[in-house]
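Understanding the architecture of this molecule
Okay, here's what each chain looks like letter by letter:
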Amino acid sequence: MYRALPALLRGPAVALAGIARESGGEVVRLGLGPFRPYLVSHPDHVQQVMRLEWTNYQRMGMFWRPLERLFGHSIMGDGEQWSISRKILQPMFTTRYIATIAEEVSRRVAGRIEEWDGHARTGQSFDAATEMSTILTYIVNRVLFGDKLDRKDGEDIIPAFDTVANSLVYRFLMPFMPYTVRVPRDRALEKAVQRIDDVVYPIVRRAMDHPDDSTDVISMLCRSTDDNGDPLTAKQIRDALVSVYAASSETTAMVITWLWLLLKEHPQVEARLQAEIDEVVGDGPARPEHLPRLAYTRMVLLETLRMYPAGWLLPRQVMEDAEVGGVRIRRGSTVFICPYATQRLDGFWERPDEFDPERFAPAEGERRHRYSYFPFGGGPHKCLGEHLFYVEAPLVVASILSRYRVSVPTPGPYPMGWAASLRPKQKIMLKVAFAGRDRVGAAR
Ligand code: HEM
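The following refers to the structure shown. (Residues numbered from 1 in each chain as written. Predicted model: local features only at pLDDT ≥ 70, side-chain atom pairs only at ≥ 80, totals over all residues. Heavy atoms only, no water.)

1. What to know about the nonpolar core
Grouped burial of nonpolar side chains is what soluble globular proteins tend to show. Put simply, the rule reads: What makes a nonpolar core is a set of buried Ala, Val, Leu, Ile, Met, Phe, Trp, Tyr and Cys residues whose side-chain atoms join them at distances within 4.5 Å. Using a 1.4 Å probe on the protein chains alone, a residue whose accessible area is under 20% of its type maximum counts as buried, one over 50% counts as exposed, and one in between counts as partly exposed. Put simply, DSSP marks the helices as runs of H or I at least four residues long and the strands as runs of E at least two long, and each gets a number from the N terminus on. Contacts are assigned to residue pairs with any non-hydrogen atoms lying within 4.5 Å of each other.
With 133 residues, the main nonpolar core has L89, L221, L241 and W260 as its most contacted residues. Sorting elements by how many residues they give to this core places helix α12 (residues 234-265) first, with 17 residues. In this structure, L221 is in contact with I88, L89, M92, L232, I237, A240 and L241, ignoring residues within four places of it in sequence.

See the structure below:
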């Protein structure tokens, strides 16, 4: 038993990575007061839990229950409702489908990034996480809502999701606390979810009353049926939309926020990234046809995802008594899968705490254990947004770096905060300057 509470309270992801490393990847039982989950970090064991025996490790229990208030019963749950949602949503996120919207995504990215010209002119710094979330949300809103969500409502719900992510932390810290007992920020959580519902439900109802043949997710959900051939209810559509929204904007936004910090600390990587973008994209903006040639950009993003996998903790409840790595685990127990810990495990990664995009040079992947690197999860719950990430993230990074030079005035070090996804603890400020002299002239 590993008495982990004080270390976990200081910094949970770092603490879990430390425990996994010390145990050499063995299954460890954590003593968190009355709550004693298991940490599973060895890639073989991760594969067992997430893929081979996944039905015995379900997304329910004290860690998932707080999320139900936001997600309802849909793609972020388990069981029948998850399976229905997965079947309906999966075709909307295939590589082929994402390719059909890539052109519009790139236009949206370019248009939104040009709005930084004001910052470039004044030299005013701005909050990286908020700005990355705004850009990513603008993309996701197109995918989910088409033109059915206006920009103001779209931007209004960003702080509501932010409040949810920060408020849930208290429930995660006190998973054993009954729901009849209020914990800090419960009321803020309720209000934020209400705000989200006030925006989303009217759009869902309008889309249901006036169906069209658009290819955005909400229109496709309105045309979908469940296993019995019945149309989806407004609640089912709302739950699917809100779940995908929550899973998509914050994650990618945080990965790109971490990227600016890593580039600041690794000027040689930054120089090579910039050189590739200059060569492939020129003075921009980045377009879908540039993506196949942005190979180093992709390597840098993959390494950023190794060091800072936004979905850093994937808890599961054990349905029947089980055995993992020789350790017996009783039904009802909680198992923690932590990509952050596994992706920094000695024995699977050399110099695991060092940022080195070369690990993702094309041939390298063949030598890796499939479950030593799983920023998008694995098995039947594998992330639906992975293909979208591979399109939107390089487009955002390359469009920004083809137009501006980015600097981070916030001094390091940059510890991680406590939230449902991996975020920097302090507010990170960015500054931009125009990349080309011509453009400075044009901007005047
Ligand atoms: C950097 C970006 C992202 C990361 C690191 C990430 C990570 C993850 C992880 C680890 C899971 C597995 C959860 C589990 O096993 O419990 C997951 C699931 C999911 N992700 Fe992502 N994600 C990202 C972006 C996106 C985007 C852009 C979308 C949608 C457009 C998305 C939609 C989903 C959905 C719907 C699921 C649930 C799938 C299921 O359980 O069937 N994600 N994601």
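2. Observations concerning the sheet that holds strand β11 (residues 429-434)
For the record, the criterion: Any two strands with at least two DSSP-identified bridges between them are counted as paired.
Read across the sheet, 3 strands follow the order β5-β11-β10 without closing on themselves; strand pairing throughout is antiparallel. On the outer flanks of this sheet lie β5 (126-127) and β10 (404-407), each paired with one strand and no other. Note that β10 and β11 share 4 bridges and pair antiparallel. Looking at the pairing, R405 lines up with A433 of β11.

3. A closer look at the site of the ligand
Selection criterion: Near residues are defined by distance, with any heavy atom within 4 Å of the molecule or strand qualifying the residue. In protein, a polar contact requires one atom able to donate a hydrogen and another able to accept it; more generally it is a pair of N or O atoms within 3.5 Å, and residues adjacent in sequence count only if both atoms are side-chain atoms. Each residue is assigned to one class: nonpolar for Ala, Val, Leu, Ile, Met, Phe, Trp, Tyr, Cys and Pro, charged for Asp, Glu, Lys and Arg, and polar for all the others, Gly among them.
Around the ligand, 29 residues are found, and the nearest of them are R59, W82, R86, R316 and C383. A distance of 3.4 Å separates an oxygen atom of the ligand from a polar atom in the backbone of I75. At 3.4 Å, a backbone N or O of A247 approaches a nitrogen atom of the ligand. Contributions of two or more residues to the shell around the ligand are made by α5 (79-89), α12, β6 (314-318) and α16 (386-403). Looking at the shell around the ligand, the element that brings in the most residues is α12, giving 6 residues. The residue inventory of the shell around the ligand, partitioned by class, reads 18 nonpolar, 6 polar and 5 charged.

4. Some points on helix α3 (residues 43-52)
Where burial is concerned, most of α3 is hidden: 7 out of the 10 residues are buried. All of the buried residues along α3 are P43, H45, V46, Q47, Q48, V49 and M50. Those residues of α3 that are buried are in contact with β3 (38-40), β4 (57-58), β6, β7 (322-324), β9 (334-337) and α15 (339-342).

5. Some thoughts on the pairing of strand β2 (residues 28-31)
Across 2 bridges, the pairing between β2 and β3 is antiparallel. Note that in β3 the partner of R29 across the bridge is Y38.

6. Describing the layout of surface pockets
Stated formally: With a 1 Å grid spanning the protein atoms alone, the term cavity applies to any set of points in which a 1.4 Å probe fits but cannot get out, the term pocket to an open set with protein on both sides within 12 Å along at least five of seven lines, and the term lining residue to any residue with an atom within 4 Å of a point. Grid points are joined across faces, edges and corners, and a volume is the space filled by probe spheres set on the points.
Empty space within the largest pocket amounts to approximately 370 Å³. Around the largest pocket, the lining comprises 20 residues; the ones closest to its centre are D127, A129, T130, D162 and R423. Every element with two or more residues in the lining of the largest pocket is listed here: α8 (128-145), α9 (151-173) and α12. Top element by residues in the lining of the largest pocket is α9. It accounts for 4 residues. Tallied by class, residues from the lining of the largest pocket come to 8 nonpolar, 6 polar and 6 charged. Around the second largest pocket sit F348, W349, E350, R351, D356, E358, R359, E364, R367, R368 and H369, which together line it.

7. Observations concerning the pairing of β6
For β6, the tally of buried residues reaches 5 of 5 residues, placing the bulk of the element in the interior. Alternating positions in β6 separate into two faces, L314, R316 and V318 on one and P315 and Q317 on the other, with burial throughout. Sheet topology places β4 next to β6; 2 bridges connect them, and they run antiparallel. Considered in β6, the bridge of Q58 is made with Q317. Pairing of β6 with β9, which is carried by 4 bridges, proceeds in the antiparallel orientation. Paired with Q317 across the bridge in β9 is T334.

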